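Observations on chain architecture
One letter stands for each residue in the lines below.
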Amino acid sequence: MDMDGLLTYSDKAKKKRIIKKLNQQAIKKFSSLFYNSERANEKKAQEYWKKAEKIGFPEFTNEEWQYTPLNKVLKSNYILEDSNEFHTITADQLNQLTISIDCWKIIFFNGYFISNLSSDNFGPYQIQIMDTLAQVPEPIIDNEIFLYLTKSLAAQPLFIRLKSHNHVKQPLYILNITSGSKYSNYINTSHYYYHIEIGSDCKSQVIEHFVSIDEKPHLTGSRLTVNIGDNSNFTHIKFNVENNRSNHFSHNDILSGKNNQIKSNNIFIGSSLLRHHTSVKLNGINSRIELNSLLLPKNKEIFDTRTYLEHNQPFCKSRQLHKTIAIDESKAIFNGMIKVSPIALKTDGKMTNNNLLFGKKAEINTKPQLEIYADDVQCSHGAIVGNIDDAQLFYLRSRGINVNYAKHIIMVSFTSEIIKSIDNKIVSNQIMYFIHKRLSGI
């Protein structure tokens, strides 16, 4: 390393060799995991694994991963817990982990669909274990190894269908429970994969909820794909409160037909290292999507969120609001892209990324981007990173509120715009409970 603290050519070459070796060792570990798994004989799963192997873990010079360190993830030894472990869940534990709402409930434990803990029936939803005949869309982002790891390792991927002309009042609630490993030298890795096919003229809500059943470390992979027919209203909530020793890698794809109203809110609280992608293709005219996220990393946690949104037809509208409060020495990354195709005339797209730093060593890296190939469109993006506003703090203190509680009020207020956009009062109250809990003592 030279006197300015920058790596010399020799240092770079050495680091490149170390990371290459680490990546190769990690691929071997996951290869062993896959070929000893229950899905190793499935042709489709083999194709997914080959894709993961071909992509490989990111190289030293990969700009997309420069803020997301994988050393600990790659050095760990993993195990896939078997399906019998769910018997260890007590009724009290399940009640504590579950959001109490009227819903059709799907329970996953360590990647397995647990039928006797799930609803007896799923109303208008048709649910089955995904087989080789299932028609699922190709990934919108095709170069991400964790996406293919999840698709190859997911123990029981589900295919969920809502036929046309169904206006569903109760949400479909998918609870994903992950445990630590019972073996001290191994970390449990669990993968959840479901595809949802929504017919035309439907109204529905899907809630993804990720929790840990204990405080042990684990690695979670998740994959959600949604294909929405025409003239439909679809809302989605993802809420992650896994423990602070877990790592979470996820990819959600949303494909839209015409005249749709879509809303997706993604809330991330917990996890040591988290990286989430939401990718969207507006493939029909006159659709509207709201895409929001809220990140609350704390201590030394690292949360990395990415969005990719394609406007592929005219008269579509997108609104994105992404907010972060980085606390203590935590780090947050936002990378967003809006891409407008040449035929997507009258596109109206807006992406906003607002960030609050609450810690001298907290760090936020943001990169909103636009690619526009059509005329006659309105598109904008913006990002703000700042500290708590002194004027707001003074106002509250002048009314007799002590400084810590005043800061707490300001931070909770900062999150409220996202929480208010959630179309389910019980879920938003539960999320607000966890926000207060996370910000308590600050």
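Figured I'd write up the structure that's included with this text.

So, how was this worked out
Residues numbered from 1 in each chain as written. Predicted model: local features only at pLDDT ≥ 70, side-chain atom pairs only at ≥ 80, totals over all residues. Heavy atoms only, no water. Phe/Tyr/Trp six-rings, centres within 6.5 Å; stacked < 30°, edge-to-face > 60°. Helix = DSSP H or I, 4+ residues; strand = E, 2+ residues; numbered from the N terminus. 1 Å grid on protein atoms, 1.4 Å probe; cavity = no way out; pocket = protein on both sides within 12 Å on 5 of 7 lines; lining within 4 Å. Points joined across faces, edges and corners; volume = space filled by probe spheres on them. Nonpolar A, V, L, I, M, F, W, Y, C, P; charged D, E, K, R; others polar. Pairing = 2+ DSSP bridges. Contact = heavy atoms within 4.5 Å. Axes fitted to C-alpha atoms, helices over the stretch in contact; angles between N-to-C directions.

Focus: the packing of aromatic side chains
The tally for this structure, following the rule as stated, stands at 15 aromatic pairs. Centroid distance F30 to F57: 5.9 Å. Interplanar angle 45°. Geometry classified as tilted. You can see F30 sitting in helix α1 (residues 9-35) and its partner F57 sitting in the loop between α2 (43-55) and α3 (71-75), a full 27 residues away along the chain. Where F34 meets W49, the ring centres are 5.9 Å apart and the plane angle is 20°; that geometry is what we call stacked.

Section: empty space enclosed by the protein
Counted according to the given criterion, the structure contains 1 cavity of 30 Å³ or more. In terms of lining, the largest cavity is formed by N266, F268, H276, T278, L291, N292, S293, T305, R306, T307, H322 and F334. Listing elements by their share of the lining of the largest cavity, those giving two or more residues are β12 (261-268), β13 (273-282), β14 (288-295) and β15 (302-311). For the lining of the largest cavity, a count of residues per class yields 3 nonpolar, 8 polar and 1 charged.

Considerations on the sheet that holds strand β18 (residues 348-358)
Taken in spatial order, the 10 strands line up as β3-β2-β6-β8-β10-β12-β14-β16-β18-β20 in an open sheet, and their pairing is mixed. Each having just a single partner strand, β3 (112-113) and β20 (378-386) make up the two edges of the open sheet. By the bridge criterion, 2 bridges tie strand β2 (residues 104-109) to β3 in an arrangement that is antiparallel. Pairing of F108 across the sheet is with F113, part of β3. Of the strands in this sheet, β12, β14, β16 (317-327) and β18 touch helix α7 (residues 403-420), which is tilted by about 155° from β16. Helix α8 (residues 425-439) contacts β8 (203-212), β10 (233-241), β12, β14 and β16 of the sheet and is inclined by roughly 30° relative to β10.

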